[in-house]
Amino acid sequence: MTEASAQGAKISSGRLTALMVAAIGVVYGDIGTSPLYTIKLAFSGPYAFAVTPTNVFGVLSLIFWALLLIVTVKYIGLVMRADNKGEGGIMALMALTQRATRNNAREQAVLMTLGLVGAALFYGDGMITPAVTVLSAVEGLHLVTPAVDPYVIPITLVILVGLFMFQRTGTARVGACFGPVMIVWFLVLAVLGVRGIAMNPEVLSALNPWYGLAFFIDHGVAGFLVLGAVVLAVTGTEALYSDMGHFGRRPLQMAWIGFVLPALVLNYFGQGALLLSDPQTAINPFYLLAPGWALYP
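Residues numbered from 1 in each chain as written. Predicted model: local features only at pLDDT ≥ 70, side-chain atom pairs only at ≥ 80, totals over all residues. Heavy atoms only, no water.

1. Description of the environment of Pro-285
This is how it is decided: Helix and strand definitions here come from DSSP, where helices need a minimum of 4 consecutive H or I residues and strands a minimum of 2 consecutive E residues; each element is numbered from the N-terminal end. Here a residue-residue contact requires only that any non-hydrogen atoms of the pair lie within 4.5 Å.
Within the element layout of this structure, Pro-285 appears in helix H14 (residues 285-288). It is 5.7 Å that separates the C-alpha atoms of Pro-285 and Gln-271, two residues lying 14 residues apart in sequence. Contacts of Pro-285, omitting those with residues within four sequence positions, involve Ile-39, Lys-40, Gln-271, Leu-274 and Leu-275.

Encoded structure:
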């Protein structure tokens, strides 16, 4: 019996904590590594926006409200209610829709096609996201010494192969190993974020949704290009629904609202505060937010 099938039963506090820790390691690892590259892509590269207070507030506002509306309201509040006997994911959703349209063959065919497209997109995300995440992490070695640049791709490949080989051991073992690691990771994100915000508290003004709307008004059609970076802040959100059968709805919801979301918001705003203080840090604001780092000459 899956954990989610026991949602109606009372879960002990110890069991709930264990499920939350495992969920943080398995489910939130993807979205938890998005701060590595989200702000960086918005303010550096060929389509980057100028690092001005207005732009920084606008991008931060879009990221904050994307996390709040897409993850918290849509997935945590709504999508996770559509479970199939405790199971989630695109296949569970297809099963629900097939039962609801059993008397209409045309609707069933359309929904089946949409479900297959959704499953294909999910597999594509499962292949692309780990590569982008690990590559972004390894690229941080450039701040130690540029001499490591030729080895970034080989190191990334070795790490990816190792991760996929370990993944086959099962969700329980992966959660037990990566849960504590990811807890430390999110704590570091939060601490670094608080440090950055303390340097420039005015960055908290970006909580106002008007800055996000004003960003589109000021930049017109070009402003929508930033959504390519903003969407990176919510990559991995689909895992909340697809992995619901492993951990249950309540542990996932509590882990997100009480731990993961605050850590992510603090870190994004800390990076924004750093950009306000020194626009040149847009080259890699995540790593430069840590004490002791400086731009490599």
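2. Observations concerning the packing of aromatic side chains
So the rule is basically this: The rule is short: rings of Phe, Tyr and Trp, with Trp giving its six-membered ring, pair when the centres are within 6.5 Å, and they are stacked under 30 degrees, edge-to-face over 60, tilted in between. Under the scheme applied here, a residue whose accessible area is under 20% of the maximum for its type counts as buried, over 50% as exposed, and between as partly exposed, the area being computed with a 1.4 Å probe on protein chains only.
For the structure on display, the rule yields 10 aromatic pairs. Here the aromatic rings of Phe-286 and Tyr-287 are separated by 5.2 Å at their centres, their planes lie at 90°, and the arrangement is edge-to-face. As far as the burial class goes, Phe-286 and Tyr-287 line up, both buried. Ring pairing ties together the aromatic residues Phe-49, Phe-215, Phe-216 and Phe-224, which thus form one cluster.

3. A short note on the nonpolar core
Rules: Throughout this description, the term nonpolar core refers to a set of buried Ala, Val, Leu, Ile, Met, Phe, Trp, Tyr and Cys residues connected via side-chain atoms within 4.5 Å.
Of all hydrophobic cores here, the largest spans 64 residues; its most connected members are Tyr-28, Phe-43, Leu-67, Phe-186, Trp-256 and Leu-264. Apart from residues no more than four positions distant in its own chain, Phe-186 is found in contact with Ile-24, Tyr-28, Gly-32, Phe-259, Val-260, Ala-263 and Leu-264.

4. Notes on the side chain of Thr-156
On the secondary structure map, Thr-156 appears in helix H7 (residues 152-167). For Thr-156, the residues in contact, after removing those within four places along its chain, are Ala-131, Val-134, Leu-135 and Val-138.

5. Quick notes on the environment of Pro-262
By the element assignment, Pro-262 lies in helix H13 (residues 249-277). Those residues within four positions of Pro-262 in sequence are excluded, and the remaining contacts are Trp-256 and Ile-257.

6. Description of the layout of surface pockets
Quick reminder of the rule: As defined here, a cavity is a set of points on a 1 Å grid over the protein atoms alone where a 1.4 Å probe fits but cannot get out. A pocket is an open set with protein on both sides within 12 Å along at least five of seven lines, and residues line them when an atom is within 4 Å of a point. Grid points are joined across faces, edges and corners, and a volume is the space filled by probe spheres set on the points. Here the term charged refers only to Asp, Glu, Lys and Arg, the term nonpolar to Ala, Val, Leu, Ile, Met, Phe, Trp, Tyr, Cys and Pro, and the term polar to all other amino acids, Gly among them.
The computed volume of the largest pocket comes to approximately 1800 Å³. Around the largest pocket, the lining comprises 49 residues; the ones closest to its centre are Val-26, Asp-30, Pro-130, Gln-167 and Ala-239. Put simply, the parts of the chain that give the lining of the largest pocket at least two residues each are helix H1 (13-26), helix H2 (29-32), helix H4 (53-78), helix H5 (90-100), helix H6 (105-138), H7, helix H8 (171-199) and helix H11 (238-242). Per-element tally for the lining of the largest pocket: the top contributor is H6, with 13 residues. In terms of residue class, the lining of the largest pocket is built from 29 nonpolar, 15 polar and 5 charged.

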